[in-house]
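Spelled out from the first residue to the last, the chains are:
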Amino acid sequence: RVPQVQPRAEELSELYRELSQHPGLSTACLGPDLTTQYGGKYCSLYTEWSQRDLARAENIKFCRQYLIFHDGATIVYSGPAGTCSEIKGELLSRESPSGTLKAVLRKVPGKEKEKEKEKQFLEVWDQNCKVKSIDLTALDKHGSVYDDDQFGCLAWSHSETHLLYVAEKKRPKAESFFQSKAPELGTSDEDMGHPKKEDAPVKGEQFVYHDDWGETLSARSVPVLCVLDIEGNSISVLEGIPEHLSPGQAFWSPEDTGVVFVGWWHEPFRLGLRHCTNRQSALFYVDLTGGRCELLSEDTRAVWSPRLSPDGCRIVYLENNVLGPHQQCSRLRMYDWYTKHTSTVLDAVPRQAWGAFPGIYCGALPGMCWAADSRRILLDTAQRSQQDVFVVDTATGSTTSLTVDAPQGSWSVLTIDRDLLVARFSTPSCPPMLKVAVLPTAGHEAQTQWICLQDAPPVPGISWSIRTLQPPPEQEHPQYAGLDFDAILMRPSEGPTAQKPPLVVMPHGGPHSVFTAGWMLYPAALCRVGFAVLLVNYRGSLGFGQDSVASLPGNVGTQDVCDVQLCVERVLQEETLDASRVALVGGSHGGFLACHLIGQFPDTYHACVVRNPVVNIASMVATTDIPDWCLTETGLPYKPDALPDPAQWTEMLHKSPMRYIDHVRAPVLLMLGEDDRRVPPKQGLEYYRALKARGVPTRLLWYPGNNHALAGVEAEADGFMNMALWLLKHLQC
């Protein structure tokens, strides 16, 4: 056996502190073009980054600006302008179309002495100072403004005189039937002939349940569209939106005559919306003068991410089928504002093939995605185990990769404006960096030249590669034969374990998700500790075509489990890895697979760490915000008014890891988020108690204030430390 090191907790925490300091790049905005005294053109680039601050136990945001000198065809010079500065209290911000104004939604702590609640202000800034600051909380026209990326928006009218946003509908005040009141002196308002005050509390409404939109959206129930008249300092809540719809992702129509929005059906009840691009929804237009609401798309689909072209003539949006897998290969649709005609620009792709467009697998289109010609759009999408940037000609449906000759990894479009393109790039061994390019003219896009504006040096000691696997004939899907899948293998390239490291296997969650070859903190840190890490994109993952997605429902617990096990056995045969020290780490459906694997293949795995795992689909269906997931992935039909029959309950249990609990021998560490609405923590508790009853070494970590992602800075850091120490202990490293 090769010599081993035993990193102490102090060394692990120092390693995590070092790697967690790498910032993530979240947004970018290009300012208007300016002309130098010599006739050259330049513009500013405003970027926002996020970083974990372990001392404050919070994610902080900071901004940095750059200057880009260009001639319209190439970038002549680019570089940073000044240093970083932290952004405090900003929930949303948006530059006006001309670039001369900026709107900011800001949260401000209430005054402690007066025991005030947190307030929200809507601010307008010009190039020199703050020109408006409106206390939305004091105006009391609505509840909290939405700052999420599911419903939220902050949109300038084309005239730059109005702002559009989404907020929670104002609820009437409620009080107890037995609320005592001070005796009133004199005559009542009604006796004096005045109308009764509208905000008089309603009795008996204190404890009425309000349905919400689930995981990470528990404070979102009834959204309303709101308009601020900047000059008049007045706010109005738009009328005319049908009662059965929840509006969001709104923007101004051409000529500012009305508002275009996505409306989600919420009857008979709301299902979880986060990461669920299969909820019935459509594109609507509401007229500002008459309040007339018009349907712009089919009302039997799921749509999101509408984007208006610069010339105001076309709207592109993404579309999926309703229900079925939560994430699918999406269609790109286009609505012509003046002809009222809707066309399909790109359809779902059955199978990925190199050299051809892989299909659209993205949570959203970039906020600014149109080229200056109002004909081409930019998007990024998974292409097997990497992520690439494509330009799409909406007139012909032709696609061209802008990253085919660029370094392999994970590319994301941040913005495009006047054909200046800003992107983020990372790899498993290199944190996010900022890239810029000029989009070439139509037909020459393959000649795109990327320039690095903000570098991030590679993390030493990590090598990685992507491998493709083909299931054996007996594991082929009868309807979707010939599907293959990928895995990303990360290895330590230095240190005492580099020659024959222990292996940590990580299947992704979803299950219709994907590991792309980008920066991921946990795998990188585990690799630096001395583990090889295997990230498995089993059949059913995104980026491989719709056939791959469709092959998994009805086969969870078998097809995905067999793919992971095949991958593990193959790399143990082909790579110099320590087969006697193999462990599993997984969250959500990845935890589901990890628990399956330690039960179905107990001789292979010697330790396991799971985060909010699905362990019993039958007991999850009645408590999760996504009951449709439980039936769909089991291979059963979902209807809101249908209850599973005994045979269906049996099938859900049959496909669950709990079925194999008696075979588990590997020590299991569970990490649960107390506020998880997606996979409620009672799932993990159920598994914990079953393991304890069978004498299997187990430990449970319970994280208050954390939901499904366990993404709180403190929980994430503590989770890594406990995970690493658990693996080192039980793999005897």
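- The protein is annotated in an unreviewed UniProt entry as Acylamino-acid-releasing enzyme of Malurus elegans.
- Recorded under Catalytic activity (unreviewed entry), the UniProt text for the protein is reproduced unchanged: "Cleavage of an N-acetyl or N-formyl amino acid from the N-terminus of a polypeptide."
- Per UniProt, the protein has the following entry under Subcellular location (unreviewed entry): "Cytoplasm".

### Looking at the UniProt feature "domain: Peptidase S9 prolyl oligopeptidase catalytic" (unreviewed entry) in the protein
Inference 1: This chain's UniProt record puts "domain: Peptidase S9 prolyl oligopeptidase catalytic" (unreviewed entry) on residues 525-732.
Inference 2: Taken end to end, residues 525-732 comprises 43% helix and 14% strand; its first and last C-alpha atoms sit 18 Å apart.

### Some points on the domain arrangement of the protein
Inference 1: One can read the domain layout of the protein as domain 1 (25-88 + 361-455), domain 2 (111-175 + 211-348) and domain 3 (462-731).
Inference 2: Look at where the C-alpha atoms of domain 1 and domain 3 centre, and you get two points 33 Å apart.
Inference 3: Interface area lost by domain 1 to domain 3 is led by R384, S385 and P428, which between them contribute 42%.
Inference 4: The tally of links from domain 1 across to domain 3 stands at three salt bridges.
Inference 5: With its nearest N and O atoms 3.1 Å apart, the salt bridge here joins R384 to D484.

### Details of the layout of surface pockets
Inference 1: Empty space within the second largest pocket amounts to approximately 660 Å³.
Inference 2: Lining of the second largest pocket is provided by 21 residues; of these, D140, H142, G143, K170 and R171 occupy positions nearest its centre.
Inference 3: Residues belonging to the lining of the second largest pocket are distributed by class as follows: four nonpolar, four polar and 13 charged.

### As for the packing of aromatic side chains
Inference 1: Across all of its chains, the model carries 15 aromatic pairs by this definition.
Inference 2: The interplanar angle of 20 degrees and the centroid separation of 5.2 Å between the aromatic rings of Y16 and F720 together place this pair among those described as stacked. Placement of Y16 in helix 1 (residues 9-20) and of F720 in helix 11 (residues 713-730) is noted, with a sequence separation of 704 residues between them.
Inference 3: Among the residues examined, Y16 registers a relative accessible area of 2% and is labelled buried.
Inference 4: Ring geometry for W411 and F425: centres 4.6 Å apart, planes at 40 degrees, overall tilted. Of the two residues, W411 is situated in strand 27 (residues 410-417) and F425 in strand 28 (residues 420-427); the sequence distance between them amounts to 14 residues. Note on accessibility: W411 and F425 belong to one class, buried.
Inference 5: Taken together, Y146, F151, W213 and W264 form an aromatic cluster joined through their ring pairs.

### Quick word on the confidence of the model for the protein
Inference 1: Across the protein, pLDDT averages 94, with 96% of residues at or above 70.
Inference 2: Below a pLDDT of 50 lies the segment residues 1-5, which in the model reaches 13 contacts outside its immediate sequence neighbourhood of four places, other chains included.
Inference 3: Below pLDDT 50 for its whole length, residues 187-196 participates in five contacts with residues either more than four positions away or in separate chains.

The rules behind these values
Residues numbered from 1 in each chain as written. Predicted model: local features only at pLDDT ≥ 70, side-chain atom pairs only at ≥ 80, totals over all residues. Heavy atoms only, no water. UniProt positions renumbered as here; feature names shortened; annotations may be inferred. Helix = DSSP H or I, 4+ residues; strand = E, 2+ residues; numbered from the N terminus. Domains from an automatic or database assignment. Buried area = accessible area lost by both parts, 1.4 Å probe. Salt bridge = Lys/Arg side-chain N within 4 Å of Asp/Glu carboxyl O. 1 Å grid on protein atoms, 1.4 Å probe; cavity = no way out; pocket = protein on both sides within 12 Å on 5 of 7 lines; lining within 4 Å. Points joined across faces, edges and corners; volume = space filled by probe spheres on them. Nonpolar A, V, L, I, M, F, W, Y, C, P; charged D, E, K, R; others polar. Phe/Tyr/Trp six-rings, centres within 6.5 Å; stacked < 30°, edge-to-face > 60°. Buried < 20%, exposed > 50% of the residue type's maximum accessible area, 1.4 Å probe, protein only. pLDDT = per-residue confidence, 0-100. Contact = heavy atoms within 4.5 Å.

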